[in-house]
Structures are given as structure tokens and as C-alpha cells.
Amino acid sequence: MSHQKARVAVNGYGVIGKRIADAVVAQDDMELVGVADVVNDWRVRVAVAKGYPVFASTREAADSMRAAGISVAGILDDVIQQVDVVCDATPKKVAAANLEKYRAAGIKSIFQGGEKHSLTGHSFVAQANYATAIGRDTTRVVSCNTTSIVRTLGALKDAGLLKKARGVLIRRATDPWESDHTGVMNTVVPETVIPSHQGPDAQTVIPDLDVVTIAVVAAHTTSHLHAWSVELTRPATKEEVLAAFHEAPRIAFLRATDGVVALNSTLEMMADLGRPRGDMWEVGLWEDSLTVKGNELFYNYQVYNQAIVIPETIDAIRALIGIEKEAMASIAKTDQALGLVRRFTL
Ligand SMILES: NC(=O)c1ccc[n+]([C@@H]2O[C@H](COP(=O)([O-])OP(=O)(O)OC[C@H]3O[C@@H](n4cnc5c(N)ncnc54)[C@H](O)[C@@H]3O)[C@@H](O)[C@H]2O)c1
């Protein structure tokens, strides 16, 4: 594999799948063999317009796609014969049912955070456990919120500063593309179970994290906001904490004093920076409001849910196939290709 490109298919060309496809195309050690889905509307027509071979995930979908005038390269069974790895970004339940199909085809598979840890027996965040994914046949890239928790608390832990962490997650109601048909309006809905699943989910990647999360859904589509209270192992300075976050990959600092005061300001800035779809792959952490009082730490950050797991998925491809053995080398390669930064202060 070392001199060949990894051959990749994406099944489920939705919010996550379409971004994975573009990110694969941006890597010089990967080739996008095709994308698969079941719809026949503008979503797959954009894939056709981009020149991506489009496959139908089912035979019925192939018929309806052809009837709609979409050029279909084959069905899912065909494309998985031609690849080393499939990134499955289909909805919950659909994805889980595909694992045996991928195993039978002898290919590697990467699932997303809507699936349970038990499906793959391995949950992935590149900076935390890349090495344990090398050579496996399957893994699950954890959800957007869980990815952010592992990145940030993992950074504090690696610096020897983390004792325990308690976080409140204010979640977006729905993704923008589907806000015509789903999502709460004019209310805030607390989840009925505490801890919410994200804390325990982070423990599937870093088992000894002392973390509790409380989640609420709010009536907006502009990504998630986290508010954290952390007990440190010792009194520390703000500079030490910022250095710990800076040391870890994929955390970038925001400053309210620059006018970046809310979720919408950040997303406007991403669009103005010319990022694809206005994506922010980094955890956007407010540097100026971060506060340390003795051994207590408080901070806010933004999770752009539609994009944060994309670089992790690219690293998971390299890890499963084993074309790069070093986590930091893969992370650097991915981040260079996509254009991640460490600070949004312009
Ligand atoms: N949306 C987010 O912010 C986000 C963030 C992180 C992780 N995830 C996870 O990513 C996964 C995908 O979520 P999403 O938001 O991209 O969903 P989505 O609804 O935007 O996309 C899913 C795609 O799969 C297609 N599909 C449906 N049935 C299919 C089938 N049988 N075969 C092939 N394709 C089929 C749909 O047409 C759609 O294009 C889920 O596990 C989700 O939890 C989502």
C-alpha cells in the first residue's frame, strides 16, 4: 500500500458523507472511487456535477436514479469490490446493517457517531488512539460533540492538568439543509437523561476520563456551544492552560475582542475565509473568556458539528489501512491538505 493511493468509497452522501468525499479528494495519498446514496434529487446531482462516480446503495434506488436521469455507475455491491475502505455515513440503523456486507467484501469500514461503540468495538479520535486502530478492519469516528470533548479534555489530561470535567452542551436543533422539516423552534429542550451520552461516549476513547455532560437542544442551526467547568490537578495559570490546548491538534483560538462573539460570527468568518461550505474543522475555543481560579478552569468553545469529524475520518482511513503509522504525521498531512489553523485571530 505504501506507494499506492488508498481507494475509498463513501456510502451515504449527506451532511457528513459529502464532506468526507471532498476531503478524500484533497489528499494526495487517497483516491475517491465513488459515492453511493439512495436519493435522486439535487444532493446526488451535485456529486454528478463534481465528476464523482455515483452508485446506488440499493437496486431499487438504482432504478429510481436512472428514471430521474442520473448516470449510475453501479450499485453499492459493485463499488465495494473496487476499494480498500468504505466510509459509511448513512443514517443510524442503516449503517450498522452494512458492516457484514463490508466484511464479506474483505474491505475496511469506517462508521460515524450515530452508531454504537459496540458495532465496531473501537471508537476513534486521531490524537487520542490512532495507534490502536492500525490494521483493524473497522472503527467508528465518534460524534461531533464527543470528538471535541476528547480533543480538549485529552489535551488537559496529556498536560497532567485534568482531574475532572463537567460540561453543558447547547446543541443545534437540526442541520441547516433540513430545517424546513425538522427541529424545535422558540424553545430550549433539556435532555431527560443526565449524563447525556457524550461524556460516556468520550470514555470509549479515553476510558479513565472523569467527565459528566448535560445537553440541551436550542432553536438554532448554527452549530453547538459547550460551557465547561474543570477541576485541575493543581492550581495553574491561564497561560499554562492555553499552552496545553495549543499543544494539542485541532483546537483553534477565537477572541471575542476581535468581534467573534457568537456562533454566527464564527461561521460568517469561516465563510469569509473561503472555507468549503464555511466549515470549521477545529474546536473553536474562546481564548479571552477562558478563566482559571486556583485549580478551577472555565471556558466555552464552539463545535461546528457538520465538519469537525471530517479530518478524523481521513486519519481513520490511513490508520485502518496502515499507510501511515504515526498519528501526528497523519494529522499534519490531513490538516495541511484541508487548511486547518491554530488561531482565528487574523
Ligand atoms: N450531521 C452532523 O452534524 C453529524 C456530525 C457528526 C456525526 N454525524 C453522524 O454521521 C452519520 C450521518 O449523518 P448525516 O448528518 O450526514 O446524515 P444525513 O441525513 O445528512 O445523510 C445521510 C445520507 O444517507 C443517505 N441514505 C439513507 N438511506 C441510505 C441507504 N440505505 N443507503 C445509502 N445511503 C442512504 C441519505 O439519503 C443521506 O444522503 C450519522 O451517524 C450521524 O450521527 C452527523
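Now for a look at the structure at hand. As the structure is a computational prediction, the values presented were derived from the model and not from experiment.

## Considerations on the pairing of strand β13 (residues 251–254)
Working step 1: Residues Ile-251 and Phe-253 of β13 are buried on one face, and the alternating residues Ala-252 and Leu-254, pointing to the opposite face, are buried as well.
Working step 2: Pairing geometry for β13 and strand β14 (residues 283–286), over four bridges, is parallel. Its bridge partner being in β14, Leu-254 is matched across the sheet by Trp-286.

## So, the packing of helix α1 (residues 15–25) against helix α12 (residues 309–321)
Working step 1: For the pair α1 and α12, the least separation of the axes is 9 Å and the interaxial angle reads 55°. If you check the angle between α1 and α12, you find them oblique. Where α1 crosses over α12, the handedness of that crossing is right-handed. On α12, the residues touching Ile-16, Arg-19, Ile-20, Ala-23 and Val-24 of α1 are Val-309, Ile-310, Thr-313, Ile-314 and Ile-317.

## Let's talk about the sheet that holds strand β3 (residues 54–56)
Working step 1: Here eight strands make up an open sheet; going across it, the order is β4-β3-β2-β1-β5-β6-β8-β7 and the pairing parallel. Only two strands of the sheet have a single neighbouring strand rather than two, namely β4 (74–75) and β7 (123–124).
Working step 2: Direction of pairing for strand β1 (residues 6–11) relative to strand β5 (residues 85–88): parallel, over a ladder of four bridges. Bridge pairing in β5 places Ala-9 opposite Val-86.
Working step 3: Where α1 meets the sheet, its contacts fall on β1, β2 (30–37) and β5, and the angle it forms with β2 comes to roughly 160°.
Working step 4: Along the sheet, α12 contacts β1, β2, β5, β6 (108–111), β7 and β8 (138–141); its crossing angle with β8, the most-contacted strand, is approximately 165°.

## Describing the side chain of His-220
Working step 1: Structurally, His-220 is set in the loop between β11 (211–218) and β12 (224–232).
Working step 2: For His-220, the contacting residues outside a window of four places in its chain are Ile-170, Arg-171, Arg-172, Ala-173, Thr-174 and Leu-263.

## Quick word on the site of the ligand
Working step 1: Looking at the ligand, there are 22 residues lining it, with Ile-16, Asp-37, Ser-57, Asp-175 and Asn-305 nearest.
Working step 2: Residue Val-15 places a main-chain N or O atom 2.9 Å away from an oxygen atom belonging to the ligand.
Working step 3: In the model, an oxygen atom of the ligand is placed 2.9 Å from a nitrogen or oxygen of the Ile-16 main chain.
Working step 4: The protein chains hide 83% of the 830 Å² of surface that the ligand would expose on its own.
Working step 5: Residue composition of the shell around the ligand, by class: ten nonpolar, nine polar and three charged.

## With respect to the nonpolar core
Working step 1: With 96 residues, the main nonpolar core has Leu-153, Leu-156, Trp-228, Val-230, Phe-245, Tyr-299 and Ile-317 as its most contacted residues.
Working step 2: Here this core gets eight residues from one element, more than from any other, and that element is α12.
Working step 3: If near-sequence neighbours (up to four positions away) are discounted, Leu-153 is found in contact with Leu-162, Ala-165, Leu-209, Val-211, Trp-228, Val-230 and Tyr-299.
Working step 4: With 14 residues, the next largest nonpolar core counts Ala-36, Val-79, Val-86 and Leu-99 among its residues.

Reading the values: the criteria
Residues numbered from 1 in each chain as written. Predicted model: local features only at pLDDT ≥ 70, side-chain atom pairs only at ≥ 80, totals over all residues. Heavy atoms only, no water. Buried < 20%, exposed > 50% of the residue type's maximum accessible area, 1.4 Å probe, protein only. Helix = DSSP H or I, 4+ residues; strand = E, 2+ residues; numbered from the N terminus. Pairing = 2+ DSSP bridges. Axes fitted to C-alpha atoms, helices over the stretch in contact; angles between N-to-C directions. Parallel < 35°, antiparallel > 145°, perpendicular 65-115°, else oblique. Left-handed = near helix turned anticlockwise from the far one by under 90°. Contact = heavy atoms within 4.5 Å. Near = heavy atom within 4 Å. Polar contact = N/O pair within 3.5 Å; in protein donor to acceptor, adjacent residues only side chain to side chain. Areas by Shrake-Rupley, 256 points an atom, 1.4 Å probe, with all protein chains shown as cover. Nonpolar A, V, L, I, M, F, W, Y, C, P; charged D, E, K, R; others polar. Core = buried A, V, L, I, M, F, W, Y, C linked by side-chain atoms within 4.5 Å.

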